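Listed here are the chains, written in short residue letters.
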Amino acid sequence: MLRRTMTTKPLPTIRSRSRLREEALYHPDHVVLVADPTLPMAHLLAANLAAGGFAGRLSVVGMAAAGLEQAASVEALPAAPDLGVLALPPEALEPAMAALAARGCQAALVPGAAPDLGAICARTGLRALGQGSFGICVPGIGLNASLSHLAPRRGRLALVGQSSALARAVLDWAEAESVGFSHVIGIGGNADLGFAHALDWLSRDPGTGAVLLDLRRIKNRRLFVSAAKAAARTRPVVAIRAGARLEDGSGTPDAVMEAALRRAGVLHVQGLDDLLSAAETLARVKLSPRGGAGDRIAIVSNASGLAQLAADAVLGGGARLATLPEEALASLKVGLPAGWAGRNPITLGPLTGTALGEAAAMLAALPQVDTVVALHAPVAGENPETIAASLSAAAKATRAAPVLVCWAGQATAGPQRAALARAGLAVFATPEAAVRGALHLWHDRRNRAAAAELPGRQVLALTPDRDAVAALFARVRADGRLSLTEDEALSVLAAYGMPVVPGRIAADGAAAAAAAEALGFPVVLKLRSPDIERKTELGGVALGLRSAAAVREAAVWMLDAATRARPGARLEGFLVQREAPRGQELRLRLDEDAMFGPFIGFGLGGTAADLLGDEQVDLPPLNRTLALDLIGRTRAARLLRGWRDHRAADIEAVAEALVRLSQVAVDFPEIAAFGVNPLFAGPEGVLAVDAACTLRPEGQRALLAIPPYPEEWVGSFATRSGEVLAIRPIRPEDAEEHGAFVRRLSPEDIRWRFFSQIRELPPQQIARMTQLDYDREMAFCAIRRHADGREELLGVSRLIRENDGETGEFAVVVDRRMKGQGLGKHLMQRLFAWGKANGIRTIAGQVLADNAPMLAFAKGLGFVLKRSAEDEEVFDVRRPTVLPAG
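Here's what I pulled together on the structure shown here. These figures come from a predicted structure and were not determined experimentally.

## A short note on the overall build of the protein chain
Of the regular secondary structure elements, the protein chain holds 29 helices and 37 strands. Taking 29 Å as the expected radius of gyration for a compact globule of 886 residues, we find that the protein chain reaches 31 Å, a close match to that expectation. Taken along the three principal axes of its C-alpha coordinates, the protein chain extends 90 × 85 × 65 Å. When the 886 residues of the protein chain are sorted by exposure, 56% land in the buried category. Once local pairs closer than 6 in sequence are excluded, the contacts in the protein chain between residues at least 24 apart make up 69%. Of the roughly 36100 Å² of accessible surface on the protein chain, a fraction of 53% belongs to carbon and sulfur atoms. Put simply, the protein chain has 99 plus and 95 minus side-chain charges, and the middle of one group is 4 Å from the middle of the other.

## Side note on the side chain of Gln-663
Mapping Gln-663 onto the fold places it in helix α24 (residues 651–667). Using a relative accessible area of 17% as the deciding quantity, one classes Gln-663 as buried. Polar contacts involving the side chain of Gln-663 include one to the side chain of Asp-667, which spans 2.9 Å. Look past the residues within four positions of Gln-663 in its chain and what remains in contact with it is Leu-462, Arg-466 and Tyr-496.

## Observations regarding the packing of aromatic side chains
Tallied over the full model, the rule gives eight aromatic pairs. For the ring pair Phe-810 and Phe-863, a centre distance of 5.1 Å and an interplane angle of 35° mean the geometry is tilted. Note that Phe-810 is positioned in strand β34 (residues 807–814) and Phe-863 in the loop between α29 (852–860) and β36 (864–867), a separation of 53 residues in sequence. Considered together, Phe-810 and Phe-863 belong to a single accessibility category, that of buried residues. Geometrically, the ring pair formed by Phe-832 and Phe-863 is tilted, given 6.3 Å between the ring centres and 50° between the ring planes. Taken together, the positions of Phe-832 in helix α28 (residues 823–837) and Phe-863 in the loop between α29 and β36 put the pair 31 residues apart, joining distant regions of the chain. Take Phe-863: its relative accessible area is 5%, and that puts it in the buried class. The residue whose ring lies beneath Arg-638 is Trp-643, and the NZ or CZ to ring-centre distance is 5.0 Å. If you follow Arg-879 out to its NZ or CZ, it ends over the ring of Phe-832, 3.7 Å from the centre.

## Let's talk about the packing of helix α10 (residues 271–284) against helix α16 (residues 431–451)
At their nearest, the axes of α10 and α16 sit 9 Å apart, and the two run at 75° to each other. By the angle between their axes, α10 is roughly perpendicular relative to α16. Two secondary-structure elements touch here, α10 through Asp-273, Asp-274, Ser-277, Ala-278, Thr-281 and Leu-282 and α16 through Ala-433, Arg-436, Gly-437, His-440 and Leu-441. Taken together, the residues of the contact of α10 with α16 sort by class into four nonpolar, four polar and three charged.

## Examining the sheet that holds strand β4 (residues 83–87)
With respect to topology, six strands assemble into an open sheet ordered β3-β2-β1-β4-β5-β6, the strand pairing being parallel. A single partner strand is all that each edge strand has here, and the edge strands are β3 (69–71) and β6 (127–129). Recorded for the sheet is a direction-independent mean angle of 25° between the axes of neighbouring strands. On top of the sheet, helix α2 (residues 40–51) reaches β1 (30–35), β2 (57–61) and β4; it is set at about 160° to β1, its chief contact.

## Digging into the packing of helix α22 (residues 624–632) against α24
Orientation of α22 relative to α24, taken along the N-to-C sense of each, is 115°, at an axis distance of 9 Å. With respect to their mutual orientation, α22 and α24 come out roughly perpendicular. The two elements α22 and α24 cross, and the hand of that crossing is right-handed. In contact with Arg-624, Ala-627, Leu-628, Leu-630 and Ile-631 of α22, α24 contributes Ile-651, Glu-652, Val-654, Ala-655, Leu-658 and Val-659.

## Thoughts on the nonpolar core
Within the largest apolar cluster, 116 residues are counted, with the highest numbers of intra-cluster contacts made by Leu-33, Leu-213 and Phe-224. If you tally residues by element for this core, the top one is α16, at seven residues. In contact with Leu-33, other than residues within four places in its own chain, are Ala-42, Leu-45, Ala-46, Leu-49, Ser-59, Val-60, Val-61, Leu-68, Val-85 and Ala-87. Formed by 48 residues, the second largest nonpolar core is a distinct cluster that contains Leu-745, Phe-754, Tyr-774 and Phe-810.

## A closer look at the sheet that holds strand β33 (residues 791–801)
In spatial order, the strands read β30-β31-β32-β33-β34-β35-β37-β36; together these eight strands make up an open sheet with mixed pairing. Where the open sheet ends on each side, the last strands, each with one partner, are β30 (715–718) and β36. Each strand axis lies, on average, 25° off the axis of its neighbour in the sheet, ignoring direction. When β34 meets strand β35 (residues 842–848), the two strands line up parallel, connected through three bridges. When the bridges of β35 are listed, Thr-807 appears paired with Thr-842.

## Some remarks on the pattern of salt bridges
Inspection of the entire model under this criterion finds 55 salt bridges. In this structure, the salt-bridge partner of Arg-784 is Glu-792, at a minimum N-O distance of 3.6 Å. Glu-792 shares its class with Arg-784; the two are buried. Here the salt bridges do not stand alone but share partners, grouping Glu-723, Glu-737, Arg-744, Arg-784, Glu-792, Asp-815 and Arg-817 into one network.

## Structural notes on the environment of Asp-734
Turning to its location among the elements, Asp-734 is positioned in the loop between β31 (724–729) and α25 (735–744). Look at Asp-734 and you get buried, because its relative accessible area is 5%. Not counting the four nearest positions on each side in its chain, Asp-734 is found in contact with Arg-728, Thr-770, Cys-781 and Glu-791. Of the polar contacts made by the side chain of Asp-734, one reaches the side chain of Arg-728; its length is 2.7 Å.

## A short note on α29
Within α29, the full set of buried residues consists of Met-854, Leu-855 and Ala-858. When α29 is viewed along its axis, its buried side chains cluster within an angular range of 100° and face the same direction. Exposed residues lying more than 90 degrees from the buried face of α29 are Pro-853, Ala-856, Lys-859 and Gly-860. For α29, the elements touching its buried residues are β34, β35, β36 and β37 (874–880).

## Structural notes on helix α3 (residues 90–103)
Helix length check: α3, at 14 residues, gives a terminal C-alpha distance of 21 Å against a target of 20 Å (1.5 Å per residue), a fit within 8%. Leu-93, Ala-96, Met-97, Ala-99 and Leu-100 are the residues of α3 that are buried. Considered in projection along α3, the buried side chains sweep an arc of 165° and stay on one side of the axis. Seen from the open side of α3, the exposed residues pointing more than 90 degrees away from its buried face are Glu-91, Pro-95 and Ala-102. Elements that come into contact with the buried residues of α3 comprise β1, β4, α4 (117–124) and β6. One or two steps after α3, the chain reaches Gly-104, where phi turns positive at roughly 105°.

## Re unusual backbone geometry
Geometrically, the link from Phe-521 to Pro-522 is a cis peptide bond, its omega value of -5° lying close to zero. Between Pro-620 and Pro-621 the backbone carries a cis peptide bond, its omega angle lying at 5°. Along the chain, Pro-621 turns up in the loop between β26 (616–618) and α22. Here Ser-178, not a glycine, exhibits a phi torsion of approximately 60°, which is positive. Within the secondary structure, Ser-178 sits in the loop between α5 (164–176) and β10 (181–186).

What counts, and at which threshold
Residues numbered from 1 in each chain as written. Predicted model: local features only at pLDDT ≥ 70, side-chain atom pairs only at ≥ 80, totals over all residues. Heavy atoms only, no water. Helix = DSSP H or I, 4+ residues; strand = E, 2+ residues; numbered from the N terminus. Rg over C-alpha atoms; globule rule 2.2 N^0.38 Å. Buried < 20%, exposed > 50% of the residue type's maximum accessible area, 1.4 Å probe, protein only. Contact = heavy atoms within 4.5 Å. Areas by Shrake-Rupley, 256 points an atom, 1.4 Å probe, with all protein chains shown as cover. Lys, Arg positive; Asp, Glu negative; His and termini not counted. Charge placed at Lys NZ, Arg CZ, Asp CG, Glu CD. Polar contact = N/O pair within 3.5 Å; in protein donor to acceptor, adjacent residues only side chain to side chain. Phe/Tyr/Trp six-rings, centres within 6.5 Å; stacked < 30°, edge-to-face > 60°. Lys NZ or Arg CZ within 6 Å of the ring centre and 35° of its normal. Axes fitted to C-alpha atoms, helices over the stretch in contact; angles between N-to-C directions. Parallel < 35°, antiparallel > 145°, perpendicular 65-115°, else oblique. Nonpolar A, V, L, I, M, F, W, Y, C, P; charged D, E, K, R; others polar. Pairing = 2+ DSSP bridges. Left-handed = near helix turned anticlockwise from the far one by under 90°. Core = buried A, V, L, I, M, F, W, Y, C linked by side-chain atoms within 4.5 Å. Salt bridge = Lys/Arg side-chain N within 4 Å of Asp/Glu carboxyl O. Arc of directions from axis to C-beta. Expected span 1.5 Å × (residues − 1).

This is how it looks when you write it as structure tokens:
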């Protein structure tokens, strides 16, 4: 079995288009500055490199610089550099990059202008950060290859961004606050290497405790979301995007980006204040290992005014004031001096001594508290050192809730905050700022928990008529159209199992009247035209028609109005629909964001949907859990649960409708936009009444930011005893059964599979093993389907792409009852096929030396066995994905 450290082994990187030894960029041994001395940035880079204390080799070409070894040319360098720093004019870049590549250099920084850097990288084979890169700082190894005006100190915060100005601002703030960095990485224009590459490195770096992202442009949405999710599994990741309102022209927040970051477990903040507040908190606070919702905040202060301001900020931010049990209050009464008051917030006397820290520590120890905010206002005659020492002790207590400190004021408070910051505390100047830090902890915990949430076992069984939809789209294109008529769009939904209102097409008023009589009154008459999107705006919809005469009269009037309002529009008769029973009007929308691609919007519907401002968005693919979460974030959710004269609707049916629309997006990336408005929702279910769909031009297809479930790898296997098992990629809904499968394994199988004895997998690890990024890894599971519909997992094989993009690490384990049935071999063959299809050339793993059955199994599959040089009790096993013929 594969040797895996279940809680600490880093995720592999995504395959790069050319191989790069990542250490060359992020942990180099030899750095060369290739510079034009007429450029001011050349001298700043040289000075920063020389002053950083870099333990490796520093060289320079093109100028002399103190502390750097000079070479006459790149070719004359005494050794191949790992990283080239290019302070050159644009016209000199390509020759220098070609020379560096020829000398064996693997990575470059381009801090200046380079209009075609991506093309230069492709031609020379040298990977680069830039153009306009701020550079790279790795304080832990003394590397400062940046345009910074000061040297960042060593710490556990990483900054990855595109703006040099924002990087300088953050570093300047950090120095004053005694905040240190593991890495500062300037992506710049993102022409070649980008955020995904940096995040992949940081996700495996044990010295990085939190990551700040300054986003402008995402080059590859799928790589970014995948890498961000990998990083956020094990550490907080916070992102800011400046200019979003300007770019889309709407003046509204970037909801789609926020949805993408939420799916990745990344916290999205608005504004530099929020980013710095998050940095202050996440760089210093050691997150509590215990559970809890994260929104229960306790406040203790030496002044009631500060406490009340903090309480207002907590409630205004949507969090809760922690409810303190009577026994906790009794303990406070015993442990604190007389004069304190309140149940939360708690107010002490002004001269607290050690009481403020002691109260904070007592509150932090309570299981009902997720975060403590301790507030101090300066008082004449106090001993600030004593107060600070007690607060420091409370904040550093292990297995307790985080303690955030506000030391309000400036003249006397400023030095005390600086001292607390140097001691490693998260300290703020105002109650609101301290509470904002507590809210960031809550939001980060909530986002990362949601990204790793174990969904229920319920899976919506979709059996769409894909062939019918494909044929319809072909007919639309053959007609020279990209827009579907309303009845065509509704037929797409019907093909995916969404209930739609019955309707018939009619060529003229007489045919419409006949159709109405067949459907039964009352009916709705709608103008049918591929050129008129909003028919209601020109009288193209007539409701509540109760007779054939009324239908004929409405048809005449409708045609006349449309001809006058849109003389060039194609009029193709009418759509007659049975009038639907009224329900809550909802809108479902599939659209596209320029950066993150297709998204699904949901909210209140009707003709005023855009004015109601209720829409929330998420990214496809959606499952039931995600759909219910999307519904719950809207105001519509309150109405759907029942409100006054609004009867409670079938929310499960609404969630199903969202999942079905999501599957349409997955199956047909040629769709540019799809809208359902209104979708009526009531106690009996949902009904789509109106829909619109637009196709992309021929040959254009959307790329989802999150890879969909790979249906093409679903199959079956007949065991030697004749039983037929389902073989398919694992999915999030398998979490519960996967945990049960591991519990059924014998102690010996457990040790052979995980190289340790464990009783059961923690929920976080089950999430990690069932919520796959199918671009990075694959796990095939063998399923026995029982007569009652229950699924039993009998075996799993797994392949994870390694850092080089061409090697995959495997694991396989089979239920003991299935040994000798050929199942393990078949699961491995599935891995070989998937690896071949995804560019993996070599499959490797580790097997315990006493695992004789697995060693024999691996040898039979063509693996070469070699005892590990690092551990005599382990064999390394390797084989090509495709064995040579013969």
